Amino acid sequence: MRCFERIGCAETVFDKVIKRRIVSRTDSGSESNFISERLSQRLNVTRRRVDVSVLGIGQATTKVKQRITAEIRSRLSDYSRKMSFLVLPKVTANIPTTTINTSGWTLPKGIELADPSFGVSGSVDLVLGVESFFDFFDSGKKISLGERLPALQDSVFGWVVSGGFADIGQGLQINCNVATMDTLEELLCRFWTIENVESTNNYSPNETRCEAIFEDTVQRGTDGRYTVSLPKHEDILSRLGESKEIAFRRFQGTERRLSKNASLREQYVAFMVRHMRKVEVDETVKRCFLPHHPVVKEASTTTKVRVVFDASCSTSSGLSLNDALLVGPIIQQDLRSIILRCCTKQIMVVADVEKMFRQVLVSPIDRPLQSILWRSSPIEEVGVFELNTVTYGTRPAPFLATRTLNQLAMDEGERYPLAAKAIVEDTYMDDVITGCDSVEEAIELHRISEINRAVCSSEGIRLEEDSTVKTLGLTWHPSSDVFSFQFKVCPINPNEVLTKRQVLSIIATLFDPLGFIGATITAAKVFMQLLWKEIRLGSTVTLNGG
């Protein structure tokens, strides 16, 4: 199969009113827009200096130092848009890689192609990224050219030939233009502001909508469990593509990993069977298949092996399930307040909400969006299953779980006032970090089985920021009531030359919500500033003593 999607014959208007017929390519896998050095020089426009790392397939990195501003216009419609372009020596290989014989293809009459010479191999001067990608195809019109041939998609530039086709007898060359970018200046700015205490903001429209969906759809069964609906962007949901093929490939990789570790496989299977049900495939039901893999967390006092579902995996349309889901507002209190408040009590109580996400059911209507491929043994056939509960890896999962916990506190607050207060005020994701002023009150509150009590662990319990961040540096030792920090000073080869990004990564592992080691972190940040300054001036920095 050969795949391509090229737009040609677009007009480009830069700082000077210069119009030029160019060939460009749309790419839903690119986070930014790119322009070739050749075209940028011929336009002779003003450039701005940047420091951006562009990551491609296989984590290949390209440094970009310049950016220009451009306005693209369609030659067939009144569409125009001003964009920023990163300058690269060459944005991609020729598209298509070789000239294609299209003499046997029948194009519908009256169709105006964005690129009439789409089958002729040629260089590409622009790549238009995901920021504007879906604006180009707002009509949703699509025409198939026949079996094993690409399709025509209507765009603001005209009809675009897009997709794969049989190419028997020619060598296969694959181009992948996926690109993400990190601006080191932006990373450094976030690094300096990450410990700011943010004030409470009003909900955004999407957050308000997410809360409204929860209130309208949440239900509680006779067994006490809650059922919630997934908050969705219905327009994006309708554009999700095929996902089963990539989910199957990822499942094969997971299965190979499990086959090498019997204990891991046993725990993985035990985890999976509790939270899903097998279904018969109905072609009329819209499904999204989620890849999944194990994450081992030895420090957990409850579940050592957790299964993570990749709801950010792109479907064939370039959109993922997470793109179609609302995130939801932050409704829990900040970690500093929770820790400081519990420290004012005579007795500290730490608990863990076991399998928090898995306690909340998802509405049966939404479960097809949480489809997976699974078999307990390689000798079985791979079946289609639906996840019944809130799924770790989906965007609204933290909100849905936390909001349901708060709903429980509201519904049962009169019967269990102490527990309700602890849930609302002293719970951070699935960690309850609270305290009491009397032994009697602590006994009434702390009704947890001996095996799950955090105080039974001599290693202490780690406090997690949220479901998507690594274990925080702060550790509490119940036996001595002492907080400590655990981190690697230099987790890289001491003989390796350090880069600014590596130094920044090491310093960023120092997380201190209460400011206990503020002086140490400040010294590290000052060092980063000096390092940045010296390298900017072209100096070489030597670290004494390694």
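Residues numbered from 1 in each chain as written. Predicted model: local features only at pLDDT ≥ 70, side-chain atom pairs only at ≥ 80, totals over all residues. Heavy atoms only, no water.

Student: Honestly, the pairing of strand β10 (residues 151–155) in this entry has me stumped. Any pointers?
Tutor: Two faces belong to every sheet, and in a regular strand the side chains alternate between them. Summarising burial for β10: 4 of the 5 residues are buried, a large majority. Where strand β9 (residues 142–144) folds back on β10, the antiparallel hairpin that results is connected by 6 residues, among which Gly146 adopts a positive phi of roughly 130 degrees. (Buried < 20%, exposed > 50% of the residue type's maximum accessible area, 1.4 Å probe, protein only. Helix = DSSP H or I, 4+ residues; strand = E, 2+ residues; numbered from the N terminus. Pairing = 2+ DSSP bridges.)

Student: How should I be thinking about the pattern of salt bridges in this particular structure?
Tutor: Oppositely charged side chains may form a pair once their charged atoms are brought near each other. One pass over the full model with this rule turns up 16 salt bridges. One salt bridge in this structure joins Lys232 and Asp366, with 3.0 Å as the shortest N-O distance. Of this pair, Lys232 sits in the loop between β14 (226–228) and α5 (234–237) while Asp366 is found in the loop between β19 (361–362) and β20 (371–374), placing the two residues 134 residues apart along the sequence. When its relative accessible area of 12% is taken as the criterion, Lys232 is described as buried. Assessed through its relative accessible area of 5%, Asp366 is described here as buried. Here the residues in one salt-bridge network are Glu211, Glu215 and Arg403, joined through shared partners. (Salt bridge = Lys/Arg side-chain N within 4 Å of Asp/Glu carboxyl O.)

Student: Looking at this structure, how should I read the pairing of strand β23 (residues 431–436)?
Tutor: For β23, the tally of buried residues reaches 6 of 6 residues, placing the bulk of the element in the interior. Burial along β23 is two-sided: the residues Asp431, Ile433 and Gly435 and Val432, Thr434 and Cys436 are all buried. The pairing of strand β18 (residues 347–352) with β23 spans 6 bridges and is classified as antiparallel. Considered in β23, the bridge of Ala351 is made with Val432.

Student: Explanation requested: the confidence of the model for the protein in the structure shown.
Tutor: Low pLDDT means the predicted coordinates in that region are not meant to be read closely. Chain-level statistics for the protein give a pLDDT mean of 77 and a share of 75% at 70 or above. When mean pLDDT is taken per element in the protein, β14 scores highest with 95 and strand β1 (residues 2–5) scores lowest with 41. The low-confidence segment residues 1–5, where pLDDT is below 50, has 32 contacts with residues more than four positions distant or belonging to other chains. Here residues 449–461 is a poorly scored stretch, pLDDT under 50, and it has 20 contacts once near neighbours within four places are set aside; other chains count. (pLDDT = per-residue confidence, 0-100. Contact = heavy atoms within 4.5 Å.)

Student: Explain the sheet that holds β19 here, please?
Tutor: Ordered in space as β13-β14-β19, the 3 strands form an open sheet in which the pairing is mixed. Of all strands in the sheet, those with a lone pairing partner are β13 (219–220) and β19, marking the two edges. Of the pairings in the sheet, the one linking β13 to β14 comprises 2 bridges and is antiparallel in character. Across the sheet, Arg220 pairs through a bridge with Tyr226, a residue of β14. Strands β13 and β14 of the sheet are contacted by helix α9 (residues 397–412), whose axis makes an angle of about 135 degrees with β14. (Axes fitted to C-alpha atoms, helices over the stretch in contact; angles between N-to-C directions.)

Student: Hey, could you run me through the nonpolar core in this one?
Tutor: The nonpolar side chains of soluble globular proteins are, as a tendency, buried together. Membership of the largest hydrophobic core comes to 46 residues, with the highest contact counts inside it found for Met272, Leu321, Ile372, Trp374 and Val390. Among residues more than four places away in sequence, those in contact with Val390 are Val228, Phe357, Arg358, Val360, Val362, Ala397 and Leu400. Val45, Tyr79, Leu126 and Phe136 belong to the second largest nonpolar core, which has 20 residues in total. (Core = buried A, V, L, I, M, F, W, Y, C linked by side-chain atoms within 4.5 Å.)

Student: Explain the packing of aromatic side chains here, please?
Tutor: For any two aromatic rings, the description comes down to two numbers: the centre-to-centre distance and the angle of the planes. Counted by the stated rule, this structure contains 5 aromatic pairs. Their ring planes at 75 degrees and their centres at 6.1 Å tell us that Tyr79 and Phe157 sit as a pair that is edge-to-face. Taken as a pair, Tyr79 in the loop between β6 (61–73) and β7 (80–88) and Phe157 in the loop between β10 and β11 (158–165) lie far apart in primary sequence, 78 residues in all. Neither Tyr79 nor Phe157 differs from the other in exposure class; each is buried. Relative to Trp374, the ring of Phe251 lies with its centre 6.1 Å away and its plane at 70 degrees, an arrangement referred to as edge-to-face. Here Phe251 is found in helix α6 (residues 244–259), whereas its partner Trp374 is found in strand β20, with 123 residues between them in sequence. You'll find Phe251 and Trp374 in the same group, each marked buried. Taken together, Phe251, Tyr268 and Trp374 form an aromatic cluster joined through their ring pairs. (Phe/Tyr/Trp six-rings, centres within 6.5 Å; stacked < 30°, edge-to-face > 60°.)

Student: Please explain the side chain of Gln407 as it appears in this structure.
Tutor: Within the secondary structure layout, Gln407 lies in helix α9. Among residues more than four places away in sequence, those in contact with Gln407 are Phe214 and Tyr226.

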